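Structural overview
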Amino acid sequence: MMNGAKKSDSLIIPAKPANKAGPPAAEPVEGSSGTERNAELQSTVRTQSREAVSQAQDRIRGAVTRNKKEKLTALLHHITVDVLRRVFFKLKKRAAPGVDGVTWEGYAADLDRNLTDLHARVHRGAYRALPSRRRYIPKADGKQRPLGIAAIEDKIVQAAVVALLTPIYEAEFLGFSYGFRPGRSQHDALDALAYGIKARKINWILDADISCFFDSLSPEWLVRLVECRIGDQRIIRLIQKWLKAGVLEEGRLIETMEGTPQGSVASPLLANVYLHYVYDLWVQQWRKRHATGDMIVVRYADDTIVGFQHRHVRQVRCRAPSRPGQGKAGNVRFLGVHTLLQHQEGQRRLPTRAQDTAKADEGQASGDQGNAATAPA
């Protein structure tokens, strides 16, 4: 039986007859299977969704160009069903489910109805963020890194908001900021670091890591910093919902008074926004006003390398929370890669530990010729 019950992939007989009747009949029209038709329709839908995101980002870029200093107050209307569909297909299909237990495949089973309902709830303010499911992964130093696994709908809405905010902040972020940005991967950061050390007179290195940055980030300050550029309070309320959703750990709901869960879709962008205002802009101003000689800066998320021609390490360390670089002097570890630093006139001892810098200072103050010979001026 053609096209009967439970035969969605059976052949569909074409309605158009052959060109000529009677023998010999002309070649008949080929039928198409249901699978082929579904694939074509799905491809068309995905193309339309991709174009919707691209068009929304283009309009936002135009608004950013026209209003470089003013707040952007109309953004939520760019979140359409097509935009939600596009970001949904970009999510990892095999990612672990959140507290709702809904997988990517389960949500895709009735995708159109689910996205239409989600879109309506987002625009009328009825969308509620669910707590993140807490999981731990081991770190290289033996400690545990906490991760927050968001529910599928939270991932979708976060991804849609990130797609809208990315062109806004890409016009704001500075050139030495890398990580979780389009076209600025860890390889680009390492290339920039290697080129800066080679092309500039860099004698002193500060290797810093903001301890527990994602866990100790201030939600109140984060929202205030986002509001410096974003004036659409509906977007701000979405961000506040994610920050206040809490985490579910071993069946217990834990309220999050500070920090943003690592592993969520929006966390990398929000972290970059926070560090842009509290670190990048300050470093840029310090370099212009106080630095003498060459200076390089490379930041990847909460890891940063600052190189100096002269000894400004002590002054910067007083302002920037840092973890002293590990390893031997002159051997800097950045993004999992060890870099041996050399001076143009030959290899010199480049202190990367706070105590190395202190010893170098004491050596010069006491007139120790041995230390003075190895410590750059």
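Here's a quick rundown of the structure. (Residues numbered from 1 in each chain as written. Predicted model: local features only at pLDDT ≥ 70, side-chain atom pairs only at ≥ 80, totals over all residues. Heavy atoms only, no water.)

As for its position among the elements, aspartate 154 is in helix α5 (residues 152-170). Buried aspartate 154, no salt bridge; nearest opposite-charge side chain is arginine 121, N-O distance 7.6 Å. Here the side chain of aspartate 154 touches leucine 130 through a polar contact of 3.0 Å, landing on its backbone nitrogen. The residues touching aspartate 154, leaving out its near neighbours within four places in the chain, are Tyr127, Arg128, Ala129 and Leu130. (Helix = DSSP H or I, 4+ residues; strand = E, 2+ residues; numbered from the N terminus. Buried < 20%, exposed > 50% of the residue type's maximum accessible area, 1.4 Å probe, protein only. Lys, Arg positive; Asp, Glu negative; His and termini not counted. Salt bridge = Lys/Arg side-chain N within 4 Å of Asp/Glu carboxyl O. Polar contact = N/O pair within 3.5 Å; in protein donor to acceptor, adjacent residues only side chain to side chain. Contact = heavy atoms within 4.5 Å.)

Let us look at the sheet that holds strand β5 (residues 247-249). One open sheet accounts for four strands, arranged β2-β1-β5-β6; its pairing is mixed. Every interior strand has two partners, whereas the edge strands, β2 (144-149) and β6 (252-254), have only one. Along the sheet, successive strands turn relative to each other by an average axial angle of 40 degrees, direction set aside. Note: strand β1 (residues 132-138) against β2, six bridges, orientation antiparallel. Among the inter-strand pairings, arginine 134 is bridged to a residue of β2, identified as glycine 148. (Pairing = 2+ DSSP bridges. Axes fitted to C-alpha atoms, helices over the stretch in contact; angles between N-to-C directions.)

Okay, helix α9 (residues 233-244) next. For α9, spanning twelve residues, the distance from its first C-alpha to its last is 16 Å, which sits close to the expected 16 Å at 1.5 Å a residue. Following α9 by one or two positions, glycine 246 has its phi on the positive side, about 85 degrees. (Expected span 1.5 Å × (residues − 1).)

Another aspect to go through is the pattern of salt bridges. Here the idea is simple: oppositely charged side chains can pair when their charged atoms come close. Applying the stated criterion across every chain, the model contains eleven salt bridges. Between aspartate 110 and arginine 113 there is a salt bridge, and its shortest N-O distance comes to 2.7 Å. Given the relative accessible area of 29%, aspartate 110 is considered partly exposed. In this structure, the salt-bridge partner of arginine 181 is glutamate 170, at a minimum N-O distance of 3.0 Å. With a gap of eleven residues between them, arginine 181 in the loop between β3 (177-178) and α6 (186-199) and glutamate 170 in helix α5 connect regions that are remote in the sequence. Taken together, the salt bridges that share partners define one network made up of Asp82, Arg85 and Asp112.

Attention now moves to the sheet that holds strand β4 (residues 204-209). Here four strands make up an open sheet; going across it, the order is β3-β7-β8-β4 and the pairing mixed. The two strands at the open ends of the sheet, each matched to only one other strand, are β3 and β4. α6 rests against β3, β7 (295-300) and β8 (303-308) of the sheet, and its axis sits at about 170 degrees to β7. Sheet strands in contact with helix α10 (residues 267-289) are β3, β7 and β8, and its direction is about 175 degrees off that of β7.

Turning our attention to the side chain of aspartate 232. Structurally, aspartate 232 is set in the loop between α8 (219-226) and α9. Overall, aspartate 232 belongs to the buried group, its relative accessible area being 2%. Apart from the residues within four sequence positions on either side, aspartate 232 is in contact with Leu72, Thr73, Ala74, Leu75 and Leu76.

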